[in-house]
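Here are the chains, one letter per residue:
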Amino acid sequence: MNDLTNVLAKKIVAVGSGKGGVGKSTISTNLAFYAARSGLRVALLDADPLSNIHVILDLDIAPLELSRSKVGLDWKNICLPVAKGIDLLFPGSKLGKNDSQKMVDLSFFTYGHKLDELYDLIIIDLPAGIGQSENLNFLPHLENLVIVCNSEPTSHVSAGGYIKAASEINPQLKYFIWHNKYEKSIQENFNPNDLWANYNHYVPDDLKLDNSVRLAMQDIAHVPHDPTLDLLQSNSELHHSLLGKFIELVDLLDDQICTEISTESGLPKSARALVRYFVLHNPKAGLGEWRNYAQVVGGESFAKAIYNNPFIEKYLLVQAAHPLRKKIAQCRLDIAALLESLTGSAKPFQTFNQEHKKQIIRLNSGTVESLRDLLGILANRINKYDKASGIWPKENYAMVLKLSGLLLYYFSFWKLTQYASIQKLITGFVPTRTDKDGQKIRDRRSQIRMLTYEVESYRKKYFLLLKNLFPILQKQVLSIAKNGSFRILIFLDQNGKPNHNTYLKLLNRLLHDMVNSGLGLFVGLQFNTSADALKAGAAKLLQNTTRIKV
């Protein structure tokens, strides 16, 4: 590297993946938006030949022909301002034979000084995989490489293969592992938290990553899957967001109700925490599954050390038979089944076939009953708390009560959104446009612009929607609480009346994420677990690479 490329390398965060479809371009785009909202001047360099970033941002971009003609060599032809603080470089598909090398030459030589002068941070969305040699052209000029993977074996093997190729081209690279669509459950011979071990398990000795590469690898983010961040849901579907909230909530309830294994087991604190972690994410698993899990996570010696501990078997049986945890597990399955059915093909401005419509109705009815039953059990247990010894840890009572009240609120909103008039009121907020075929579609580009530039008219329209929905939802909460004997779950103020301020804040959080879901960007999701994990990963990444505190 020369002096200029050394300077640029310290400003660059490159994002790669072993295969397509893992969310690489979405992560690159979100990193750019996070950095820009933190006050940095960002260049988002689209080095992927297929160029998905303009699709994410809903932009109509003509293909670039970098190597076929002089078109695109001028700065104005390769730089497109797309949001406050963000310029998209090399927008549009780039399918010419030498386009990848041309981008390297333009970035590090022709316009290297300009990049250094204009930007605090340069994010490069690299081509996926190593199938083509030109996919790796940027690697000699980098110091920091983010590797995006999903929680499944083929993704980890592909990511490991990418790291293997990258380490041979540039031995000084540092790797930051971004676990996207992260799932905590551990399968046989697969630990979702250990890419290095998973890759080495499946490949021959001559292709394995050595320990020096492992030392250069660091887990930087664990972002759970959320359909509201999924670009396939390009139209805002309000039920997707709400069902995702239900899943988050029942998981939190389960976490509060699940006790830890007794200290009498003789297990150290770390091992007791591991057993509880296993039970939380494998509610129906038995001793055999636990032993396999322990071996995958802690190794054979650890598994043998706890193999015959009688307290573990008893603990697993008690937790599997826990009546409230069983109901929570079933409720989660019902919600997930409905969400999967909706995300499979349901979008506004489109229609279901009759068979799918019947399936949705059946699953929706089952989910409503499952949630109503769970609310009933929670309300009954809270009413009789003094007699409910052992149903949950005593110190968690206040949190269980709070989460149960939140579940009542979400359930009330869900019931309200079954009415066509309410659906129309909410979806009518989302901007639309007419496409080239004369079809009405969601205007994602306008919505992204209004969000990122904080357009006043958009804010006013949102607060009007909030104002119109609030009194309707308040009546719905009180009605459901009264009819279902859930009154103890109502949030009250100091005078013992429904706490309007609390409910208004809850509606704001729920509604904001609902109307801005499906953009593929965290900026639309302020109160979302996946968005929070994404922001935490972005902050940690920038701190570890550029040393920029945001």
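Everything here concerns the structure above.
A brief report on the enclosed structure follows. (Residues numbered from 1 in each chain as written. Predicted model: local features only at pLDDT ≥ 70, side-chain atom pairs only at ≥ 80, totals over all residues. Heavy atoms only, no water.)

### Describing the overall build of the protein chain
- Across its full length, the protein chain holds 22 helices and ten strands.
- Taking 24 Å as the expected radius of gyration for a compact globule of 550 residues, we find that the protein chain reaches 26 Å, a close match to that expectation.
- Over its C-alpha atoms, taken along the principal directions, the protein chain stretches across nearly 75 × 60 × 50 Å.
- Restricting the contact set of the protein chain to residue pairs at least 6 apart, pairs at least 24 apart contribute 76%.
- Carbon and sulfur atoms form 51% of the exposed surface of the protein chain, whose accessible area is close to 25600 Å².
- Computed over 65 positive and 52 negative side-chain charges, the separation of the two mean positions in the protein chain equals 8 Å. (Helix = DSSP H or I, 4+ residues; strand = E, 2+ residues; numbered from the N terminus. Rg over C-alpha atoms; globule rule 2.2 N^0.38 Å. Contact = heavy atoms within 4.5 Å. Areas by Shrake-Rupley, 256 points an atom, 1.4 Å probe, with all protein chains shown as cover. Lys, Arg positive; Asp, Glu negative; His and termini not counted. Charge placed at Lys NZ, Arg CZ, Asp CG, Glu CD.)

### Let's talk about the packing of aromatic side chains
- Enumeration according to the criterion identifies 13 aromatic pairs in this entry.
- With 5.1 Å between their ring centres and 45 degrees between their planes, phenylalanine 429 and tyrosine 458 make a pair best called tilted. In this pair, phenylalanine 429 sits in the loop between α18 (420-427) and β9 (432-434) while tyrosine 458 sits in helix α20 (residues 456-483), placing the two residues 29 residues apart along the sequence. Each member of the pair phenylalanine 429 and tyrosine 458 is classed as buried. (Phe/Tyr/Trp six-rings, centres within 6.5 Å; stacked < 30°, edge-to-face > 60°. Buried < 20%, exposed > 50% of the residue type's maximum accessible area, 1.4 Å probe, protein only.)

### Considerations on the packing of helix α16 (residues 354-383) against helix α17 (residues 397-416)
- Their axes nearest at 10 Å, the elements α16 and α17 cross at an angle of 150 degrees. Here α16 is positioned roughly antiparallel relative to α17, judged by the angle of their axes. Judged by the sense of rotation from one axis to the other, the crossing of α16 with α17 is left-handed. Residues Asn364, Val368, Leu371, Arg372, Leu374, Leu375, Leu378 and Ile382 of α16 form the contact with α17, whose participating residues are Tyr397, Val400, Leu401, Ser404, Leu407, Leu408, Phe411, Trp414 and Lys415.
- Classifying every residue of the contact of α16 with α17 by side-chain character gives 13 nonpolar, two polar and two charged. (Axes fitted to C-alpha atoms, helices over the stretch in contact; angles between N-to-C directions. Parallel < 35°, antiparallel > 145°, perpendicular 65-115°, else oblique. Left-handed = near helix turned anticlockwise from the far one by under 90°. Nonpolar A, V, L, I, M, F, W, Y, C, P; charged D, E, K, R; others polar.)

### So, helix α12 (residues 287-298)
- The first and last C-alpha atoms of α12 sit 16 Å apart over twelve residues, in line with the 16 Å expected at 1.5 Å per residue.
- Leu287, Trp290, Tyr293 and Ala294 are the residues of α12 that are buried. Axial view of α12: buried residues confined to an arc of 120 degrees, hence all on one face.
- Where α12 is buried, its residues touch α11 (269-281), α13 (300-305) and α14 (310-321).
- Immediately beyond the C-terminal end of α12, within one or two residues, lies glycine 299, with a positive phi of roughly 90 degrees. (Expected span 1.5 Å × (residues − 1). Arc of directions from axis to C-beta.)

### Some thoughts on helix α21 (residues 500-515)
- Across its 16 residues, α21 extends 22 Å between first and last C-alpha, which sits within 8% of the 22 Å expected from 1.5 Å per residue.
- Along α21, the positions that sit buried rather than exposed are Tyr503, Leu506, Leu507, Leu510, Leu511, His512, Asp513, Met514 and Val515.
- In this structure, the buried residues of α21 make contact with α10 (238-257), α17, α18, β10 (440-442), α19 (444-452) and α20.
- Of the residues that open α21, the one with a side-chain oxygen 3.3 Å from the backbone nitrogen of asparagine 501 is asparagine 499. (Polar contact = N/O pair within 3.5 Å; in protein donor to acceptor, adjacent residues only side chain to side chain.)

### Re unusual backbone geometry
- Residue serine 51 is not a glycine yet carries a positive backbone phi of 55 degrees.
- Relative to the elements of secondary structure, serine 51 occurs in the loop between β2 (42-46) and α3 (53-56).
- Of note, serine 485 is a non-glycine position whose phi angle comes to about 60 degrees, a positive value.
- Mapping serine 485 onto the fold places it in the loop between α20 and α21.

### Concerning the side chain of asparagine 144
- Tracing the chain through its elements places asparagine 144 in strand β6 (residues 144-149).
- Residue asparagine 144 is classed as buried on the basis of its relative accessible area, which comes to 2%.
- Contacts of asparagine 144, omitting those with residues within four sequence positions, involve Ala9, Ile12, Val13, Ala14, Leu173, Lys174, Phe176 and Thr545.

### Observations regarding the pairing of strand β4 (residues 86-89)
- The alternating pattern of β4 places Ile86 and Leu88 and Asp87 and Leu89 on opposite faces, both of which are buried.
- With four bridges joining them, β2 and β4 adopt parallel strand pairing. For valine 42, the partnering residue across the bridge sits in β4 and is isoleucine 86.
- Pairing of strand β3 (residues 79-83) with β4 involves four bridges; the strand directions are antiparallel. Bridge pairing in β4 places proline 81 opposite aspartate 87.
- With antiparallel pairing between neighbouring strands as the criterion, β3 and β4 make up a hairpin whose turn holds two residues, including glycine 85 at a positive phi of roughly 85 degrees. (Pairing = 2+ DSSP bridges.)

### Topic: the state of the cysteines
- Scanning the entire structure with this criterion turns up zero disulfides.
- Looking at the unpaired cysteine 331, the closest cysteine sulfur is the one in cysteine 258, lying at 17 Å. (Disulfide = S-S within 2.5 Å.)

### A few points about the packing of α17 against α21
- Viewed as axis vectors pointing N to C, α17 and α21 meet at an angle of 55 degrees, and their least axial separation amounts to 11 Å. The angle between the axes of α17 and α21 places the two elements in the oblique class. Here α17 runs over α21; the crossing is right-handed. Packed against α17, whose contacting residues are Leu406, Tyr409, Tyr410 and Phe413, the element α21 presents Tyr503, Leu506, Leu507, Leu510 and Met514 at the interface.
- The class makeup of the residues in the contact of α17 with α21 is nine nonpolar, no polar and no charged.

### A look at the pattern of salt bridges
- Tallying each qualifying case throughout the model produces 22 salt bridges.
- Salt-bridge contacts for aspartate 251 lead to arginine 332; the nearest nitrogen and oxygen are separated by 2.7 Å. Here aspartate 251 is found in helix α10, whereas its partner arginine 332 is found in helix α15 (residues 323-345), with 81 residues between them in sequence.
- Since its relative accessible area comes to 33%, arginine 332 is described here as partly exposed. (Salt bridge = Lys/Arg side-chain N within 4 Å of Asp/Glu carboxyl O.)

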